[in-house]
Amino acid sequence: MTLRVTNTLSGEKEGFEPRDSDSVLLYYCGLTTSDPPHLGHARGWVHVDVMHRWLDWLGYDVHHVENFTDVNEKIVARVGEVGDSEADVARNYIQDVIRDMRSLNLKRADVYPRVSEHVPEIIDLVETLIDRGYAYEANGSVYFDVTEFEKYGDLSNQTVEELDAQGDPEERGEKRHPQDFALWKADGVAPADIAEHRHDGAAPAESACETAQTWDSPWGEGRPGWHVECSAMSMTHLDETLDIHVGGQDLVFPHHENEVAQSEAATGQQFANYWLHVGLLETKAEKMSSSLGNFATVEEAIAEHGLGVVRTFLLSTAYHSRATYSEGTMAEAADRFETLRRGYERAVEAADSVDAGTKVEDDDLREAVEAVREDVPRAMNDDFNTREALAALLELTNAVNRHVDGHDTYDYRGLRGAIEAFEEFGVDVLGLPLAEDEGDGGDVRLAEDLVELVLDVRESEREAGNYERADDLRDELAALGVEVQDSDDGPTYRLP
RNA sequence: GCCAAGGUGGCAGAGUUCGGCCUAACGCAGCGGCCUGCAGAGCCGCCCAUCGCCGGUUCAAAUCCGGCCCUUGGCUCCA
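Once a new chain begins, its residue numbering starts again from 1 and follows that chain's sequence as written. The order in which chains are written sets their letters, starting at A; the order in which ligands are written sets their numbers, starting at 1. Owing to the predicted nature of the model, reporting of local features is limited to residues with pLDDT of at least 70; listing and counting of side-chain atom pairs is limited to 80 or more, with chain, interface and lining totals taken over all residues.

**Focus on the domain arrangement of chain A**
- Here the limits of each domain have been adopted from an automatic or database domain assignment. What the domain assignment lists for chain A is domain 1 (4–287), domain 2 (326–429) and domain 3 (442–494).
- If you average the C-alpha positions of domain 2 and of domain 3, the two centres end up 28 Å apart.

Quick look at the structure:
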């Protein structure tokens, strides 16, 4: 059973073969740190995270890099709102990104390089491109000459001629061809460059622009262009040829197209063997984006729904499809996650109970365990089909519930198999917090003791037949977020 | 206009690579039943799909081919 992935280069699902049979170089285009991260970013991160986890499961040594674009006109446009300078704004948002990545339970990448730390490498790359005849200098700026690179347009399936036909010839300026793009931009940032990105309440554009960073270069003072950074950083931290390059669907053109051109022109090597593109998150048939202002931030979503629900939501749609964010889709995710979490909990409780024995054998349960061990790897190997993987775990949940409901004594080995499958696939591969305890601080212990005290009182009311009083107590606990469930063995509860 | 990705039940969303086990998964919503003092959770069952439209290939098509319609994304900052 081998991994197959949909490669944007070919437009087809292909068998995955890394350059080196036991390691994978994985690069993900991170975000520009000019706005709070929203759920659309989280979708990309979580899917890359699961790819990383699955490649680990398959036994590869994964080298994973994600960049931060901390030099950009949009960041300058925020000066005065969240910081006093371009660098300061970027630092603030990088901090937000790191906080959100932690709360999303992402496996760490090996490196999170920033543009501001890689200007020397970028300059080297630009010089190489000039030396090799793929780039030219004009008035202190450097442009990539798309007519020199034969494969330009291959990734996005366009030709330079087609692209030129769309461009406005007046816009060409100092470029030789309309599609040429900047590798290095002379001087700093002009107020006009940031005008369209500004919010109300920003600092005066002039003073914001004064904080824009510039660097010395062979062509004079200036700033790196947007596209070079990914080429320079991925080559610095991984290699000239990557196994898998992942990014949002909206980056295919021009960003990724330009990355391919720069990198391959400079090295003569294929830049990435597999290009994977994550579909965009939409609300009511409109993509979620910072510029449209229609986003839910990662922080808000986690605070409102919790990690498990957010991850379940993001993984409930295959990475390459677009996904819909709405109250309804979140509610569905909440249900799915709760079902899984309860199923896992029931398996653990049953296995640990005195009624679990070695003499009990439930074929249905054991078959379900075998099935999930086949179904999840098959789903994940089929282009990381996380939706199918979740469905397989839900089938296991159903088998666990049937077993616990239908028997007075439990099949210990069957349950243990189920628990291991939940942990291996649900927790380790999909990153779901199935076993999350709510922390073991003193406050939590006190809360537990108090809830148990209330439940004891409630039980005696029930025994006395005072159901109204008992129901009131349950309702009041529910109002505090404490979920109470009655069963034959007495009530169980869960803290919020 | 050009390029790309899509159009599957009330919603959401797999399956299309290599046509048949798809009489279309998992789930949400809805309905009925079991369990329960009640509720919830869970279990069992049911309901809702001629898989955008038209034509073609085939013993057989959601899956392949042709045409058309529509949606979204990219072509300008965007994961």
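**A short note on the confidence of the model for chain A**
- Along the chain, pLDDT gives the predictor's confidence residue by residue, from 0 to 100. Chain-level pLDDT for chain A is 89 on average; 94% of the residues reach the 70-or-more range.
- Confidence metrics for the complex model read pTM 0.91 and ipTM 0.92.

**Some points on the packing of helix α13 (residues 363–381) against helix α15 (residues 412–429)**
- Contact geometry for α13 and α15: axes closest at 8 Å, N-to-C directions at 20 degrees. When the axes of α13 and α15 are compared, the pair comes out roughly parallel. Our pair here, α13 against α15, has a crossing hand that is left-handed. For the pair formed by α13 and α15, the contact residues are L365, R366, V369, V372, R373, V376 and M380 on the first element and G414, G417, A418, A421, F425 and V429 on the second. Structural elements are reduced to axes, namely lines fitted to C-alpha atoms, with helices fitted over the stretch in contact, and the angle between N-to-C directions of any two is expressed from 0 to 180 degrees. Think of it this way: any DSSP run of H or I at least four residues long counts as a helix, any run of E at least two long counts as a strand, and we number them from the N terminus. Geometric relationships in this document are graded by angle, where less than 35 degrees denotes roughly parallel, more than 145 denotes roughly antiparallel, 65 to 115 denotes roughly perpendicular, and other angles denote oblique. By definition, turning the near helix anticlockwise from the far helix through less than a right angle yields a left-handed crossing, and turning it clockwise yields a right-handed one. C-beta atoms are placed from the backbone for every residue, and two residues are taken to be in contact when these atoms lie within 7 Å.

**Thoughts on the nonpolar core**
- Of all hydrophobic cores here, the largest spans 126 residues; its most connected members are V126, L183, L396 and A418.
- Among the elements that take part in this core, helix α1 (residues 39–57) stands out by supplying 9 residues, more than any other.
- Taken together, domain 1 (4–287) and domain 2 (326–429) each give at least three residues to this core, which thus spans both. Here, a nonpolar core denotes buried Ala, Val, Leu, Ile, Met, Phe, Trp, Tyr and Cys residues that are linked to one another through C-beta atoms within 7 Å. Each residue is classed by its C-beta neighbour count within 10 Å, where at least 20 other C-beta atoms makes it buried, 12 or fewer makes it exposed, and intermediate counts make it partly exposed; the C-beta atoms are placed from backbone geometry.

**Comments concerning the sheet that holds strand β5 (residues 135–138)**
- Spatially, 4 strands are ordered β5-β6-β7-β8 in an open sheet, and the strand pairing comes out antiparallel. Edge positions in the sheet fall to β5 and β8 (222–224), since each of these pairs with one other strand and no more. Put simply, the sheet's adjacent strands are angled 20 degrees from each other on average, direction ignored.
- Strand contacts of helix α4 (residues 119–131): β5, β6 (141–144), β7 (181–186) and β8, with the helix running at about 105 degrees to β5, the strand carrying the most contacts. At least two bridges found by DSSP between two strands are what make those strands a pair.

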